[in-house]
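# Chains, contacts and geometry: an overview
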Amino acid sequence: MNLSFTNLTVISHRDSFDKAVTKNVVVVALCISINYINVNLIHTFRRHQIFYMNPRYILFIHLVVNDMIQLTMTILLFLISYTLHTITASLCGILVLLAVCTTENTPLNLACMAVECYIAVSFPLRHTQICTVKKTHILIGLIWVMTILSVLPDLLFTLATEPLDFFHTRVFCLTETAFPNPSIHKKRNISYIILLVIVWLSILCTYAKILFTAKGASKDAKKARNTILLHGFQLLLCMATYVDPLIKSALKYWFPEHHADSLFACYITIIILPRSISPIIYGLRDKTLRRYLKKYLLCTRPALAGRVSTVTVDRRRSHATHVITELLDCLDGATPRSRLDCGSRLED
């Protein structure tokens, strides 16, 4: 992915003060809103065993955490481009590498979720044996290893070819300025194409079979088809980042006088919008997750209800103990006839 299209808004056409403030406020507001929902999703996931022992929810929460990191990094770069304008090349390289890794993680995670869904639908009896918590954690580790190995040669090549002073110079943070060697960009384009083909093939094959199964099902078929469409739309938006050079060229050709605004719209559509779809797909449409999530989103106090119920139980227990004590005192040394009076007092 090329992260330069967001920052080119500042390079190509310097926005007016009002327009710059409006864009930054919109970006920060969207970031806070999306991350607020994501934080509540993570909190819900950690609080309930039904989620953190389920491979499907583990993959989903990894996608949420990954999207939070990616969104924070790209918005941080966006704000830096308007405020500081330039930073050191070493810091720029770290931010760009982290943003690229998390961006590459997203389609790979979606592909793994597609495979998990396919196994759940096609092999329901073996699903718990194939998809375990341990294997899911290993799979997430492999995703990170693959993305780190894809960007590590860029870092090593830059360290070997650029002078030491380069890393202390202040640059406008772009992928091209952090890693200026042209061979790096050629290598990255080839790796993106390979990843694009692999992920799309896996998504199309698995979801085609899931869609076929959903059509034949009599229950929740409509919901399954809608989920598949949302997944495909999310993947399409995520994969658009791999062809952003073509999108930039087309926007510059079609809207030469509004190039900065078109790039900002592209940033909102390609970078921010896909990060808001994950909470919609699972946080709002998944019944189990929605039942727990709404307690935290609406700031309700389930713990308070628990404390109230505990107090009620203690009061009833104390009352029962008092009644039993009175009954024992009444029966102690009482005649058979007076014992009937004790029973009447107990009923009262």
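First, a word on what this report is: a plain description of the structure on this page. (Residues numbered from 1 in each chain as written. Predicted model: local features only at pLDDT ≥ 70, side-chain atom pairs only at ≥ 80, totals over all residues. Heavy atoms only, no water.)

## Here's the deal with unusual backbone geometry
Just so we agree on the cut-off: For helices the rule is a DSSP run of H or I covering at least 4 residues; for strands it is a run of E covering at least 2, with both sets numbered from the N terminus onward. Throughout, exposure labels follow a simple rule: accessible area from a 1.4 Å probe, protein chains only, divided by the maximum for the residue type, with under 20% read as buried, over 50% as exposed, and the rest as partly exposed.
The phi torsion at His-85 lies on the positive side, around 70°, for a residue other than glycine. Along the chain, His-85 falls in the loop between α4 (55-82) and β1 (87-88). Note on His-85: relative accessible area 33%, which makes it partly exposed.

## Here we look at a positive patch on the surface
The following threshold applies: The residues that make up patches have over 30% relative accessible area and no salt bridge, and they are joined within 9 Å when like-charged or within 5 Å when they are Val, Leu, Ile, Met, Phe, Trp or Tyr. Areas reported here follow the Shrake-Rupley algorithm with a probe of radius 1.4 Å; residue values treat only the protein chains shown as occluding. When a carboxyl oxygen of Asp or Glu is within 4 Å of a side-chain nitrogen of Lys or Arg, the pair counts as a salt bridge. Positive charges come from Lys and Arg, negative ones from Asp and Glu, while His and the chain ends are left out of the count. Positions of charges follow a simple convention, taking NZ of Lys, CZ of Arg, CG of Asp or CD of Glu.
Positive charge collects at one region of the surface, where Lys-287, Arg-290, Arg-291, Lys-294 and Lys-295 lie side by side. Examined against the element boundaries, Arg-290 turns out to sit in helix α13 (residues 287-297).

## Some words on the state of the cysteines
We count it as follows: When two cysteine sulfur atoms lie within 2.5 Å, the pair is treated as a disulfide.
One pass over the full model with this rule turns up one disulfide. A disulfide bridge connects Cys-92 with Cys-173, and the sulfur atoms are separated by 2.2 Å. What sets the handedness of the Cys-92 and Cys-173 disulfide is the S-S torsion sign, and at about 95° it is right-handed. Of the two residues, Cys-92 sits in helix α5 (residues 89-122) while Cys-173 sits in the loop between β2 (170-171) and α8 (175-178), which places them 81 residues apart along the sequence.

## Considering the nonpolar core
Where we set the bar: Residues belong to one nonpolar core when they are buried, are Ala, Val, Leu, Ile, Met, Phe, Trp, Tyr or Cys, and are joined through side-chain atoms within 4.5 Å.
Core analysis: the biggest nonpolar cluster contains 34 residues, and Leu-41, Phe-60, Val-199 and Ile-203 have the highest contact counts within it. For this core, the secondary structure elements donating two or more residues are α2 (17-47), α4, α5, α7 (133-161), α9 (182-216), α10 (221-239) and α13. Among the elements that line this core, the one with the most residues is α5, at nine residues. Ranked by size, the runner-up nonpolar core spans 21 residues in total, among them Val-96, Val-100, Cys-101 and Val-151.

## Considerations on the packing of aromatic side chains
To keep things clear, this is the line we draw: Whether two aromatic rings pair depends on their centres lying within 6.5 Å, for rings of Phe, Tyr and Trp, where Trp uses its six-membered ring; planes under 30 degrees apart make the pair stacked, over 60 edge-to-face, and the rest tilted.
Evaluation of the coordinates by the stated rule reveals seven aromatic pairs. Here Phe-78 and Tyr-267 contribute two aromatic rings whose centre-to-centre distance is 5.1 Å and whose plane-to-plane angle is 5°, an arrangement assigned as stacked. Of this pair, Phe-78 sits in helix α4 while Tyr-267 sits in helix α12 (residues 259-284), and the two are 189 residues apart along the sequence. Residues Phe-78 and Tyr-267 agree in their burial class; the two are buried. Here the aromatic rings of Phe-166 and Phe-167 are separated by 5.4 Å at their centres, their planes lie at 75°, and the arrangement is edge-to-face. Of the two residues, Phe-166 and Phe-167, both sit in the buried class. One aromatic cluster in this structure is built from Phe-78, Tyr-82, Phe-264 and Tyr-267.

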